[in-house]
Amino acid sequence: VYLANSMNSVRIEGQKTVAVELVQQFDWQVPDVVIIPGGNLGNVSALGAGFDMMEALGVIAKRPRIVVAQAAAANPLYLAYTRGWEFQPVVAQRTLASAIQIGNPVSVHKAIRTLKKYQGVVEQATEEELADAAARADLTGMFNCPHTGVALAALRKLLARGDIDRGERVVVIS
């Protein structure tokens, strides 16, 4: 039996490579912002650990801002963010983004530590917003799953509010 979730340390170590791959694909330049759909939240601390490792090795000299995007129907990290990081589990409601439909994420405290270190922001997307964002992206020829729609909707909201500048290099994790 193999536990393939956010509690598996091997999976978290493997997910660190996402940060390395991002920087490598940008010719060793760090993006300004990375947006991650958030469910159990292991990917948040894993990505931060990847950037930490590259910084410690002298490969990069700056860190990106990390944004976590949650479905409004399953948004415990978003609610914690709005309450000064005071976390309380929620009962997750049904969402099209079923991969992140989690009300009590196992890696929430690691994620909060990472977000504090990385000037983190947490945003949420309603069902209509996530579906519209995924459909808009689908028009470009890219098929997007609903949890990617959550991240894309968060990007649109952060751009509209001015929390992300149009000149910044932003990566949305799918």
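The paragraphs below set out a description of the structure included in this document.

Cut-offs used in this document
- Residues numbered from 1 in each chain as written.
- Predicted model: local features only at pLDDT ≥ 70, side-chain atom pairs only at ≥ 80, totals over all residues.
- Heavy atoms only, no water.
- Helix = DSSP H or I, 4+ residues; strand = E, 2+ residues; numbered from the N terminus.
- Pairing = 2+ DSSP bridges.
- Axes fitted to C-alpha atoms, helices over the stretch in contact; angles between N-to-C directions.
- Contact = heavy atoms within 4.5 Å.
- Salt bridge = Lys/Arg side-chain N within 4 Å of Asp/Glu carboxyl O.
- Buried < 20%, exposed > 50% of the residue type's maximum accessible area, 1.4 Å probe, protein only.

1. Regarding unusual backbone geometry
A positive phi angle, near 75°, is found at Trp85, a position not held by glycine. Here Trp85 lies in the loop between α4 (76–82) and α5 (108–117).

2. Considerations on the sheet that holds strand β3 (residues 121–125)
Taken in spatial order, the four strands make up an open sheet running β3-β2-β1-β4, and their pairing is parallel. Both edges of this open sheet fall to β3 and β4 (170–172), since each of them pairs with a single strand only. The mean inter-strand angle of the sheet, taken between neighbouring strand axes irrespective of direction, is 20°. Of the strand pairs in this sheet, strand β1 (residues 33–37) and β4 are connected by three bridges, and their pairing is parallel. In the strand pairing of β4, Val34 is matched with Val171. Docked against the sheet, helix α3 (residues 42–56) engages β1 and β2 (65–71), running at close to 150° with respect to β1.

3. Observations regarding the pattern of salt bridges
Under the definition given, this model contains nine salt bridges. Close ionic contact of Glu13 with Lys16 constitutes a salt bridge, the shortest N to O distance being 3.2 Å. On the basis of relative accessibility, which here comes to 47%, the residue Glu13 falls in the partly exposed class. Looking at Lys16, the relative accessible area reads 15%, which means it is buried. For Asp163, the salt bridge goes to Arg161, with nearest N and O atoms at 2.9 Å. Classification of Asp163 as partly exposed rests on a relative accessible area of 35%.

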